[in-house]
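So the chains spell out like this:
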Amino acid sequence: MQSALLYRFQATMIGAIIGETIGIQASGRVPTRRDSFDFMRFYAESLINPSRAENPSDPIFRESLTTAESAIALLPVFLFFHEDFPKLRQNLETVLKLWQNPAVSELDLLAIGYTLSQSLLESLTPRRFVSSMFEALLAPPEGIPKLQRLQQVETMIQQGIGLEDATQLILTLSDATTGDAAIALALYCFLSTPGDFRLSIQRAIQTRYQVPGVAALTGALSGAYNSTIALPAEWRMSVTQQAEIQQLSRRLLASWSGMYLIEKGDYAIAAPQVMRRI
């Protein structure tokens, strides 16, 4: 892999925090829920320690989240199961049953999970990302309108539609399908400028729609695609949880690789089937 998987894990979560922080500053709104990293840490720990018993009455399952906020909370799940989409879907369904939040769109969450998976596997083609997604998601008939909305995102990217026109069209289509426009907007902002993290975030802010959520998702998608090297230094250094995210990413990757007793000592993890110098 051109960039170590560990750095992509780190860049996904750090990118989300960067995007959310800048989005909150741009929107001028004070968050009314717990910090996004609290959610990411919670679900990462559940994967790292599978024997940990989850309490359905835990307040974290009662937080009222939008689909975009839910996608940020579940980033560790998307990362952990990036090579096994059926298991990703299965774990997502389990979480949604605990949440019991009808406002969260499972299909939109799967679309984000699929896009992250393709980035981590270095198989993403930004200008033709929906075609392969249709088959992978195996959407029921009621999910077709939402996939058609994502198909429109792909078409806009191919035709070079500008941000203002694209935002208006996405919002119009979302009203028609009662979907969460933040997912489509984040995908557009990332996929229209996939190699430029800073520009993607700036475009996400200019959508003026659920800005913290759209910018956070855009940051996560761009981080997974471009790795840590693409994160602007001044933005990255402003993330107060950076050291904790780096350590959490190491432990999550170690668990993904099959390591046992992760808590003990230091360790190094190589991607499967990749030769490393000892």
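*Asks:* Sorry if this is basic, but what is going on with the overall build of the protein chain here?
*Replies:* Within the protein chain, the secondary structure is distributed over 14 helices and 0 strands. Mapped from its N terminus to its C terminus, the protein chain presents α and β elements in the order α-α-α-α-α-α-α-α-α-α-α-α-α-α. Considering only contacts within the protein chain whose residues lie at least 6 apart along the sequence, 73% involve residues at least 24 apart.

*Asks:* In this structure, what is going on with the packing of helix α10 (residues 181-192) against helix α11 (residues 197-206)? I would like to understand it.
*Replies:* When two helices pack together, you describe them by how their axes are tilted relative to each other and by the distance separating the axes. Their axes nearest at 8 Å, the elements α10 and α11 cross at an angle of 145 degrees. Remark: the crossing between α10 and α11 carries right-handed chirality. Contacts between α10 and α11 involve Tyr188, Cys189, Phe190 and Ser192 from the former and Ser200, Arg203 and Ala204 from the latter. The residue inventory of the contact of α10 with α11, partitioned by class, reads 4 nonpolar, 2 polar and 1 charged.

*Asks:* Whenever I open this one, the nonpolar core confuses me. Can you help?
*Replies:* If you look at soluble globular proteins, the nonpolar side chains tend to sit buried side by side. Core analysis: the biggest nonpolar cluster contains 89 residues, and Leu74, Phe78, Trp99, Ile112 and Tyr188 have the highest contact counts within it. Trp99 has contacts with Tyr43, Ile60, Phe61, Arg62, Leu65, Ser70, Leu74 and Val104, leaving out every residue within four places of it along the chain.

*Asks:* Can you walk me through the layout of surface pockets in this structure?
*Replies:* To locate leftover empty space, one rolls a probe as large as a water molecule over the atoms. Roughly 550 Å³ of internal volume is contained in the largest pocket. Surrounding the largest pocket, 26 residues form its lining, Ile24, Pro31, Arg33, Glu69 and Pro212 being those nearest its centre. Secondary structure elements with two or more residues in the lining of the largest pocket: α1 (5-27), α3 (67-73) and α12 (211-226). Grouping the constituent residues of the lining of the largest pocket by class yields 10 nonpolar, 10 polar and 6 charged.

*Asks:* Just to check I follow, could you spell out empty space enclosed by the protein for this structure?
*Replies:* In total, this model carries 1 cavity of 30 Å³ or more according to the counting rule given. The space that makes up the largest cavity amounts to roughly 30 Å³. If you go around the largest cavity, the residues you meet are Arg33, Ser36, Phe39, Leu65, Glu69, Ile72 and Ala73. Those elements that place two or more of their residues in the lining of the largest cavity are α2 (36-48) and α3. Here the lining of the largest cavity takes 3 residues from α3, the largest share from any one element. Tallied by class, the residues present in the lining of the largest cavity amount to 4 nonpolar, 1 polar and 2 charged.

*Asks:* Can you walk me through the environment of Ser46 in this structure?
*Replies:* Tracing the backbone shows Ser46 in helix α2. With relative accessibility at 18%, the residue Ser46 sits in the buried group. Placed 206 residues apart in sequence, Ser46 and Leu252 show a C-alpha to C-alpha distance of 9.9 Å. At a separation of 3.1 Å, a polar atom in the side chain of Ser46 contacts the main-chain carbonyl oxygen of Phe42.

*Asks:* Just to check I follow, could you spell out helix α7 (residues 129-137) for this structure?
*Replies:* Because each turn of an α-helix spans 3.6 residues, side chains separated by three or four positions in sequence point in the same direction. Every buried residue of α7 is listed here: Phe129, Val130, Met133 and Leu137. The arc that holds every buried residue of α7, seen down its axis, measures 75 degrees, which confines them to one face.

*Asks:* I keep staring at the packing of α1 against α12 and nothing clicks. Help me out?
*Replies:* Viewed as axis vectors pointing N to C, α1 and α12 meet at an angle of 155 degrees, and their least axial separation amounts to 6 Å. Comparing the axis directions of α1 and α12 gives the class roughly antiparallel. Handedness of the crossing formed by α1 with α12: right-handed. Here α1 contributes Arg8, Ala11, Thr12, Gly15, Ala16, Gly19, Glu20, Gly23, Ile24 and Ser27 to the contact with α12, which in turn contributes Val211, Pro212, Ala215, Ala216, Gly219, Ala220, Gly223, Ala224, Tyr225 and Asn226. Partitioning the contact of α1 with α12 into residue classes produces 10 nonpolar, 8 polar and 2 charged.

Cut-offs and rules
- Residue positions are given per chain, counting from 1 as you read along its sequence in written order.
- Local features are withheld for residues below a pLDDT of 70 in this predicted model, meaning they are given only at 70 or higher, and side-chain atom pairs are given and counted only at 80 or more; totals for whole chains, interfaces and linings count all residues.
- Side-chain descriptors were evaluated using all non-hydrogen atoms of the structure, hydrogens and water having been removed beforehand.
- The way it works is that DSSP assigns letters per residue, a run of H or I at least four long becomes a helix, a run of E at least two long becomes a strand, and they are numbered from the N terminus.
- Here, residues are in contact when the closest pair of their heavy atoms is within 4.5 Å.
- An axis is simply a line fitted to the C-alpha atoms; with a helix, the fit covers only the stretch in contact. Between two such axes, the angle follows the N-to-C directions and lies from 0 to 180 degrees.
- Helix crossings get a hand from a simple test, with the near helix turned counterclockwise from the far one by less than a right angle marking a left-handed crossing and a clockwise turn marking a right-handed one.
- Note on residue categories: nonpolar means Ala, Val, Leu, Ile, Met, Phe, Trp, Tyr, Cys or Pro, charged means Asp, Glu, Lys or Arg, and polar means any other residue, Gly included.
- To form a nonpolar core, buried Ala, Val, Leu, Ile, Met, Phe, Trp, Tyr and Cys residues must be joined to one another through side-chain atoms within 4.5 Å.
- Each residue is placed in one exposure class: buried if its accessible area under a 1.4 Å probe, protein chains only, is under 20% of its type's maximum, exposed if it is over 50%, and partly exposed if it falls in between.
- Think of a 1 Å grid over just the protein atoms. A cavity is a set of points where a 1.4 Å probe fits yet cannot get out, a pocket is an open set with protein on both sides within 12 Å along at least five of seven lines, and lining residues have an atom within 4 Å of a point.
- Grid points are joined across faces, edges and corners, and a volume is the space filled by probe spheres set on the points.
- Definition of a polar contact: a pair of N or O atoms within 3.5 Å, with one able to donate and the other able to accept a hydrogen when the atoms are protein atoms, and with sequence-neighbouring residues admitted only if both atoms are side-chain atoms.
- By definition, the arc is the one covered by directions from the helix axis to the C-beta atoms.
- Put simply, angles under 35 degrees are roughly parallel, angles over 145 are roughly antiparallel, angles from 65 to 115 are roughly perpendicular, and the rest are oblique.

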